[in-house]
Amino acid sequence: MSTPVAEKKEKLSVPFDYNKYLRPNKLPHIWCPGCGHGIVLKAMLRAIDKAGLDKNNIALVSGIGCSSRTPGYVDFNTLHTLHGRALPFATGIKLAKPEMKVIVVTGDGDALAIGGNHFIHACRRNIDITVLVFTNATYGMTGGQYSPTTPLESIATTSRYGNIEPPFDTCEMAKASGATFVARGTAYHTIELEKTIHEAITHKGTSVVDIIDACPTYFGRANKFKSATQMMEEIEKDGTVNVKQAASLPPEKLAGKMLRGVLHKVERPEYCEKYETLIMEKANAKK
Amino acid sequence: MAEKKKKLLQGNEACVEGALYAGCRFYAGYPITPSTEIMEGMSVRLPKLGGKFIQMEDEIGGIAAALGGSLAGLKSMTATSGPGFSLKQECIGYACLTEIPLVIVDVMRGGPSTGYPTGPSQSDIMQAKWGTHGDHPVIALTPSTVPEILTETIRAFNLAEQFRTPVMVLYDEILGHMREPVTIPNPGEFAVEDRAKPEVKPEDYYPYDDKFLIAPLAPFGSGYRFHVTGLNHKQDGFPTNDSKVIRENNLRIMRKVDINRETIWKNEEVMLDDAEVVIFTVGSTARSARFAVNELRKVGVKAGLLRPLTIWPFPDRAVAEISSRVKAIIVPELNLGQMTLEVERVAKGRCAVEGLYRVDGEPITPSQIFHEVRKYL
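Keep in mind it's a predicted model, so treat the numbers as computed, not measured.

Chemist: So what about the overall build of chain A? Which residues, and what values?
Modeler: Along chain A, the regular secondary structure elements total twelve helices and ten strands. In terms of overall size, chain A behaves like a compact globule, its C-alpha atoms giving a radius of gyration of 19 Å where 287 residues would be expected to give roughly 19 Å. A principal-axis box enclosing the C-alpha atoms of chain A has dimensions of 65 × 45 × 40 Å. The burial tally for chain A puts 58% of its 287 residues in the buried class. Of the roughly 12,200 Å² of accessible surface on chain A, a fraction of 57% belongs to carbon and sulfur atoms.

Chemist: Outline the overall build of chain B, listing residues and values.
Modeler: Scanning chain B from N- to C-terminus turns up 14 helices and 16 strands. Against the 2.2 N^0.38 benchmark of 21 Å for 377 residues, chain B shows a C-alpha radius of gyration of 21 Å, consistent with a compact globule. Referenced to the eigenvectors of the C-alpha coordinate spread, the extents of chain B come out at roughly 70 × 50 × 45 Å. Within chain B, residue pairs in contact and separated by at least 24 positions form 76% of the contacts whose partners lie at least 6 positions apart. Positive and negative side-chain charges in chain B, numbering 43 and 47 respectively, have mean positions lying 3 Å apart.

Chemist: Requested: an account of the interface of chain B and chain A, with residues and values cited.
Modeler: How big an interface is tends to be expressed through the accessible area that disappears when the partners come together. Contact residues are listed per partner, giving 41 residues for chain B and 40 residues for chain A. Buried area between chain B and chain A, summed over both chains or domains, comes out near 3,400 Å², and the portion from carbon and sulfur atoms is 59%. When the buried surface of chain B facing chain A is broken down by residue, Glu57(B), Phe220(B) and Arg225(B) rank first, second and third, together holding 21% of it. Taken together, chain B and chain A are joined by five salt bridges. Here Asp236(B) ties to Lys26(A) by a salt bridge, and the two come within 3.0 Å at their closest N and O atoms. Between chain B and chain A we count 22 residue pairs in polar contact (both at pLDDT 80 or more) in total. Listed by contribution, the elements that provide at least two residues to the side of chain B that touches chain A are strand E3 (52-55), helix H3 (59-71), helix H5 (89-98) and strand E10 (227-229) of chain B.

Chemist: Can you tell me about the domain arrangement of chain B, naming the residues and giving the values?
Modeler: Residue and element names in this part refer to chain B. Looking at chain B, the domain boundaries give domain 1 (6-183) and domain 2 (266-374). Inter-centroid distance (C-alpha atoms) of domain 1 to domain 2 is 26 Å. Of the residues lining the interface, 29 residues belong to domain 1; the matching set on domain 2 comes to 23 residues. For the pairing of domain 1 and domain 2, the buried interface totals around 2,100 Å² over both sides, and the portion due to carbon and sulfur atoms is 54%. A salt bridge links Glu 180 to Arg 287, with the nearest nitrogen and oxygen atoms 2.7 Å apart. If you look at where domain 1 meets domain 2, you find 19 residue pairs in polar contact (both at pLDDT 80 or more). Elements represented by at least two residues in the side of domain 1 that touches domain 2 include exactly strand E6 (116-120), helix H6 (125-130), strand E7 (139-141), helix H7 (146-163), strand E8 (166-172) and helix H8 (173-177). Tallied by class, residues from the side of domain 1 that touches domain 2 come to 15 nonpolar, seven polar and seven charged.

Chemist: A description of the packing of aromatic side chains should follow, citing residues and the corresponding values.
Modeler: All names here are of chain A. Under the criterion given, the structure shown has 13 aromatic pairs over all chains. Between Tyr 21 and Phe 76 the ring centres are 6.1 Å apart and the planes differ by 55°, which places this aromatic pair in the tilted class. With Tyr 21 in the loop between helix H1 (5-9) and helix H2 (37-51) and Phe 76 in the loop between strand E1 (58-62) and strand E2 (77-80), the pair connects residues that are 55 residues apart, well separated along the chain. Centre to centre, the rings of Phe 219 and Phe 225 are 6.3 Å apart; their planes meet at 35°, and the pair counts as tilted. Each member of the pair Phe 219 and Phe 225 is classed as buried.

Chemist: Can you tell me about helix H2 (residues 36-45) of chain B, naming the residues and giving the values?
Modeler: Within the span of H2(B), buried status applies to Thr36(B), Ile38(B), Met39(B), Gly41(B) and Met42(B). Residues of H2(B) that are buried in the fold lie against helix H1 (11-21), strand E2 (24-29), E3, strand E4 (75-80), strand E5 (102-110) and E8 of chain B.

Chemist: So what's going on with unusual backbone geometry? Residues and values would help.
Modeler: Residues and elements named next belong to chain B. Residue Pro 112 is reached from Gly 111 by a cis peptide bond, and omega for that bond is 0°. With an omega of -5°, the peptide bond running from Trp 312 to Pro 313 counts as cis. The residue Pro 313 is located in the loop between strand E14 (310-312) and helix H12 (316-323) in this model. Not every positive phi belongs to a glycine, and Lys 348 is a case in point at roughly 45°. The residue Lys 348 is located in the loop between helix H13 (338-347) and strand E16 (352-357) in this model.

Chemist: Before we move on, can you summarise the pattern of salt bridges with the specific residues and values?
Modeler: Following the criterion strictly, the structure yields 45 salt bridges over all chains and no others. Here Asp128(A) ties to Lys204(A) by a salt bridge, and the two come within 3.8 Å at their closest N and O atoms. Taken as a pair, Asp128(A) in the loop between helix H5 (116-125) and strand E4 (129-135) and Lys204(A) in the loop between helix H7 (190-201) and strand E8 (207-212) lie far apart in primary sequence, 76 residues in all. Judged by its relative accessible area of 37%, Lys204(A) falls in the partly exposed class. A salt bridge links Glu262(B) to Arg317(B), with the shortest nitrogen-to-oxygen separation between them at 2.5 Å. Note that Glu262(B) is positioned in helix H10 (residues 261-264) and Arg317(B) in helix H12, a separation of 55 residues in sequence.

Chemist: So, the sheet that holds strand E10 (residues 258-265) of chain A: which residues are in play, and what are the values?
Modeler: In spatial order, the strands read E9(A)-E10(A)-E7(A)-E8(A)-E4(A)-E3(A)-E1(A)-E2(A)-E10(B); together these nine strands make up an open sheet with mixed pairing. Two strands in the sheet have a free side with no partner beyond their single neighbour: strand E9 (240-242) of chain A together with E10 of chain B. With strand direction ignored, the average angle separating the axes of adjacent strands in the sheet is 20°. The pairing of E1(A) with strand E3 (residues 101-107) of chain A spans five bridges and is classified as parallel. Note that in E3(A) the partner of Ser62(A) across the bridge is Val105(A).

The rules behind each value
Residues numbered from 1 in each chain as written. Chains lettered and ligands numbered in written order. Predicted model: local features only at pLDDT ≥ 70, side-chain atom pairs only at ≥ 80, totals over all residues. Heavy atoms only, no water. Helix = DSSP H or I, 4+ residues; strand = E, 2+ residues; numbered from the N terminus. Rg over C-alpha atoms; globule rule 2.2 N^0.38 Å. Buried < 20%, exposed > 50% of the residue type's maximum accessible area, 1.4 Å probe, protein only. Areas by Shrake-Rupley, 256 points an atom, 1.4 Å probe, with all protein chains shown as cover. Contact = heavy atoms within 4.5 Å. Lys, Arg positive; Asp, Glu negative; His and termini not counted. Charge placed at Lys NZ, Arg CZ, Asp CG, Glu CD. Buried area = accessible area lost by both parts, 1.4 Å probe. Salt bridge = Lys/Arg side-chain N within 4 Å of Asp/Glu carboxyl O. Polar contact = N/O pair within 3.5 Å; in protein donor to acceptor, adjacent residues only side chain to side chain. Domains from an automatic or database assignment. Nonpolar A, V, L, I, M, F, W, Y, C, P; charged D, E, K, R; others polar. Phe/Tyr/Trp six-rings, centres within 6.5 Å; stacked < 30°, edge-to-face > 60°. Pairing = 2+ DSSP bridges. Axes fitted to C-alpha atoms, helices over the stretch in contact; angles between N-to-C directions.

The following block contains the structure:
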């Protein structure tokens, strides 16, 4: 079993004052024991801190679901919208105020099922929004139904005989849709995740980070995982491989594993900048 | 004062003029007949004014982005027609509960479903009121001429900003596409209202402050960091399970419109003083009704017209007053009786109430109304 490269080199930047960004009186959060969402939240806050962003200038927008409760706990401009609709709300904020840093936190069901159309079109526009998809392969808030990323044959409350729908590869879809930064992290690889989110929020354009983040309460129990930690090790640690390490591994070692790290990064004109330079300038020249 | 500009405009173009006059600087939408000219017009005009325009991937995206723009501080609008209006309903409920100002224009076409996209109808009167789930406040305006589309769109923005609530402008396909001379108002000619801004320091700010019936709304990114959610919430914007707070908030959002209904209502009354039969109608149908009233008067029939420019909140007082002194109220409408139900509710049997309906994609003619009225005399 190999330890990821990133973890060997870097250490967690502790002590870190999370209270600088949290709304302590809104805690405790609603997440179950063993849920990875809190780990992802912490990685996001450290990444934001590292980027030196001003709290007044950050809009954190979410849809509906467990992960979409994140905005309530953090001291930014926070917007908890409707199921699947975080991205169009975020698009409106970003276009109206391009100087703001707009981050969307969403679940795999929220982003890819009910919000799938908004997801692909936000990527296509390459609008400067960071999308953090908390992928736990289940609808946790409603009690564990199968989602667009649930693996084949997995058990959920709506797939008692095993899931027959193939899962989406969120990163492949984001890339194909036109996102200019696409990465994957896990709640297990905390330091690597912080780095990846930092790189995403400092990228200009649509950046998507697919974050593998197990749900022990529903997915775990239904699929006979012994504990939250066993689940994290099996799915997040052993089920993934860093893209840099993968380059030197034989195909049989990569079978069935998801790639982590920055999977796609290109420079392409950003939507709001194009609106300013192409549309507004042309419109005013035509007066 | 600058010389007034008179233009021959289509209803949908007049809507654009009204929106820009009112200070609209954000538009997001999706193409749909017969409202598309509004979006096309906004795409040309907004960038010249430093405003933002975006064509979204669907109707839901259109209204959601417009709400995002409004929350970021820009006066925002979206426009649609029946099927798109159905898709926008979840966000309309969100706007009602989160109290985000927005103007939604619905150019009504035949339905149900895809129906008759190029034919007129008034079939969204009830959708405007009840389309989204839960009890919620609704303000909906019903212009009847092209110049009125301009002025009522201005009024819609003013009401949305004043009451922190979505306001709808409902007109049918006939008005959307007909052309009439319109005078473009000079700056200052009509009042333009802006939403109240907080006067307290950010640390003392509550987006739904109990001290107000309608609390000031700070734009995102202005240093006032707050939370907005479609869950029932407390004055600080955070979710609550406190039944007392949930009840108070649900009642307050209704109350803010209800107790101000006198200032939101707007009716045109034509020859009502001695009328024995009154026609109650809106939009293009009111144009036929006005013609019919004149013809009826010529043959000695005491007919009148009550034409609401605010259909929601429903003009209860005007209808109640009329119902106590006329023989009948005739309600012509391009649907199967949506307004008639409301007139019956208010008239409470004090006079006859008769609907005159048409759902074949054709307008109700003056002669149809003329003959219907004569039945009651």
